[in-house]
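One letter stands for each residue in the lines below.
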Amino acid sequence: MMAGSTHHPDYQLLLKMLKTTRESCKVPQTELANRLDTTQTFISKVERGERRLDIVELVEMLEALAIKPEDWLKDYVAQRHREHKNKPVTKKLAM
């Protein structure tokens with residue numbers, strides 16, 4: 001499976017964590033959409049993996065939730081390593 005896919009396990013983890021973060025902040029999709037000047041449909045498609053999120057959009061979403069992106073990414077990387085049982089990830093990026 002290519003890393004560029006929205007179905008890649010690491011990307012699915014990112015989406016799961018992002019949705020959990022939004023929910024733990026008690027921010028509905030509609031409110032997050034308003035903060036980002038976008039639509040609730042966009043937020044929903046991102047969370048369901050129908051629309052791939054780039055790093056700029058990820059940072060904007062986290063900042064809109066008042067989350068420090070660097071802290072969140074550190075947590076994501078730690079969780080990713082746990083998911084891979086602390087083994088190096090050998091999958092390559094899709095070019």
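Right above here is the structure, for reference.
Residues numbered from 1 in each chain as written. Predicted model: local features only at pLDDT ≥ 70, side-chain atom pairs only at ≥ 80, totals over all residues. Heavy atoms only, no water.

This next bit is on unusual backbone geometry. Notably, D37 is not glycine yet its phi reads approximately 55 degrees, a positive angle. Tracing the backbone shows D37 in the loop between α2 (29-36) and α3 (40-48). Of note, A66 is a non-glycine position whose phi angle comes to about 65 degrees, a positive value. Mapped onto the secondary structure, A66 falls in the loop between α4 (55-64) and α5 (69-83). The class of A66 is exposed, set by a relative accessible area of 69%. (Helix = DSSP H or I, 4+ residues; strand = E, 2+ residues; numbered from the N terminus. Buried < 20%, exposed > 50% of the residue type's maximum accessible area, 1.4 Å probe, protein only.)

Another point: the pattern of salt bridges. Counted by the stated rule, this structure contains six salt bridges. With a shortest N-O distance of 2.8 Å, R51 and E57 are connected by a salt bridge. The exposure class assigned to R51 is partly exposed, which follows from its relative accessible area of 29%. Several salt bridges converge on common partners, so that one network encompasses R22, E23 and E47. (Salt bridge = Lys/Arg side-chain N within 4 Å of Asp/Glu carboxyl O.)

On to the nonpolar core. L18 and W72 are the most contacted members of the largest nonpolar core, which totals 20 residues. With six residues, the single largest contributor to this core is helix α1 (residues 9-24). Apart from residues no more than four positions distant in its own chain, W72 is found in contact with L14, M17, L18, T21, L58, L62 and I67. (Core = buried A, V, L, I, M, F, W, Y, C linked by side-chain atoms within 4.5 Å. Contact = heavy atoms within 4.5 Å.)

This next bit is on α4. An α-helical segment advances 3.6 residues per turn. Residues three or four places apart therefore align on the same side. Looking at α4, one finds that the buried residues are E57, L58, M61, L62 and A64. Projected down its long axis, α4 shows its buried positions confined to an angular sector of 160 degrees, all on one face. Turned more than 90 degrees away from the buried face of α4 sit I55 and E63, all of them exposed. Looking at the buried positions of α4, the neighbouring elements they touch are α1, α2, α3 and α5. For α4, the N-terminal capping position is held by D54, with its side-chain oxygen 3.0 Å away from the main-chain nitrogen of V56. Remark: A66 follows α4 within two positions and exhibits a positive phi of approximately 65 degrees. (Arc of directions from axis to C-beta. Polar contact = N/O pair within 3.5 Å; in protein donor to acceptor, adjacent residues only side chain to side chain.)

Further remarks concern the packing of α2 against α3. Closest axis-to-axis distance for the α2/α3 pair is 8 Å, and the angle between their directions is 115 degrees. Judged on the interaxial angle alone, α3 and α2 are roughly perpendicular. In terms of crossing hand, the pair formed by α2 and α3 is right-handed. Contacts between α2 and α3 involve Q29, T30, L32, A33 and L36 from the former and Q40, I43, S44 and E47 from the latter. Tallied by class, residues from the contact of α2 with α3 come to four nonpolar, four polar and one charged. (Axes fitted to C-alpha atoms, helices over the stretch in contact; angles between N-to-C directions. Parallel < 35°, antiparallel > 145°, perpendicular 65-115°, else oblique. Left-handed = near helix turned anticlockwise from the far one by under 90°. Nonpolar A, V, L, I, M, F, W, Y, C, P; charged D, E, K, R; others polar.)

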